[in-house]
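Single-letter residue listing:
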Amino acid sequence: MSDLIVNGQRYALDAQVGRSLASVLREDIGLIGTKIACNEGHCGACTVLLDGVPTLSCITLVHTVGEREVTTIEGLRDHPLVESFVRADALQCGFCTPGQIVSASALVEANPHPSREEVRHAMAGNICRCGAYPKIEEAVLTWQD
Ligand code: FES
Ligand code: FES
C-alpha cells in the first residue's frame, strides 16, 4: 500500500511493485488524459509533472514517486495553455497534446516569455507524429494572449 498525491488529491493505492506511474494513473485512478504511446521513454506522450518537473510517467515506477506532487493534464484544465492550443489549432490527432501542454506548462512557469528557440529546446522530448510543431510553438509563444 502506498499513497499518491495527484492534482492535489491523495489516493491510497495497492499497486504492485514494478508498475509504472502512467499505468496507475490511467488504470487505477482513471486519469486517462495521460497517454501511453511508446511506453519506453522516447516520445513524451506520458509526460506529467512531479513537483513541477516534467517527467516521463511510463518509465517512472510508481513506488519511487513518494510524497512528490503529481500533476496530470487533468490538473491543468484551467491553464491558459489549453485555450492557446485551441486558438492556434495546435493539434491534429491530439494524442501528443496532453504531454505537450504539460511540458509547456513547466516551461512558461519558469520562463513566461520564452523565445522560439527556448520553446523548441524545452519541448524537444515531446514528439508529434502529425508534425504539428509550428502550431504547437505558436500556441506556447502566445499562451498569454
Ligand atoms: S509513452 Fe512515455 S515516453 Fe512515450
Ligand atoms: S497531434 Fe497527432 S501526434 Fe501530435
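Residues numbered from 1 in each chain as written. Chains lettered and ligands numbered in written order. Predicted model: local features only at pLDDT ≥ 70, side-chain atom pairs only at ≥ 80, totals over all residues. Heavy atoms only, no water.

1. Quick word on unusual backbone geometry
To keep it simple, the criterion reads: For helices the rule is a DSSP run of H or I covering at least 4 residues; for strands it is a run of E covering at least 2, with both sets numbered from the N terminus onward.
Backbone geometry places N39, a non-glycine residue, at a positive phi of 60 degrees. Relative to the elements of secondary structure, N39 occurs in the loop between α1 (21-28) and β3 (47-50).

2. What about the pairing of strand β1 (residues 2-6)?
To be explicit about the condition: Only when DSSP finds a minimum of two bridges between them are two strands counted as paired.
The sheet contact formed by β1 and strand β2 (residues 9-13) spans five bridges and is antiparallel. Within the sheet, the bridge partner assigned to S2 lies in β2 and is L13. The hairpin turn running from β1 into β2, its antiparallel successor, is two residues long, and N7 in that turn takes a positive phi close to 50 degrees. In this sheet, strand β5 (residues 69-71) lies alongside β1 in parallel orientation, the contact comprising two bridges. Each residue of the ladder has a partner; that of V6, found in β5, is V70.

3. A closer look at the packing of helix α2 (residues 80-87) against helix α5 (residues 133-141)
Formally: Angles run from 0 to 180 degrees between N-to-C directions of axes, and those axes are lines fitted to C-alpha atoms, restricted for helices to the stretch in contact. Should an angle fall under 35 degrees it is called roughly parallel, over 145 degrees roughly antiparallel, and 65 to 115 degrees roughly perpendicular, with every other angle called oblique. It is the rotation of the near helix from the far one that decides the hand of a crossing: anticlockwise by less than a right angle makes it left-handed, clockwise makes it right-handed. The criterion used for residue contact is that any of the two residues' heavy atoms lie within 4.5 Å. For this classification, Asp, Glu, Lys and Arg are treated as charged, while Ala, Val, Leu, Ile, Met, Phe, Trp, Tyr, Cys and Pro are nonpolar and the rest, including Gly, are polar.
Interaxial distance between α2 and α5 falls to 8 Å at its minimum, and their mutual angle equals 135 degrees. Taken together, the axis directions place α2 and α5 in an arrangement best described as oblique. In this structure, α2 crosses over α5, and the sense of that crossing is right-handed. Here L81, S84 and F85 of α2 come into contact with α5, specifically with I136, A139 and V140. A per-class count over the contact of α2 with α5 returns five nonpolar, one polar and no charged.

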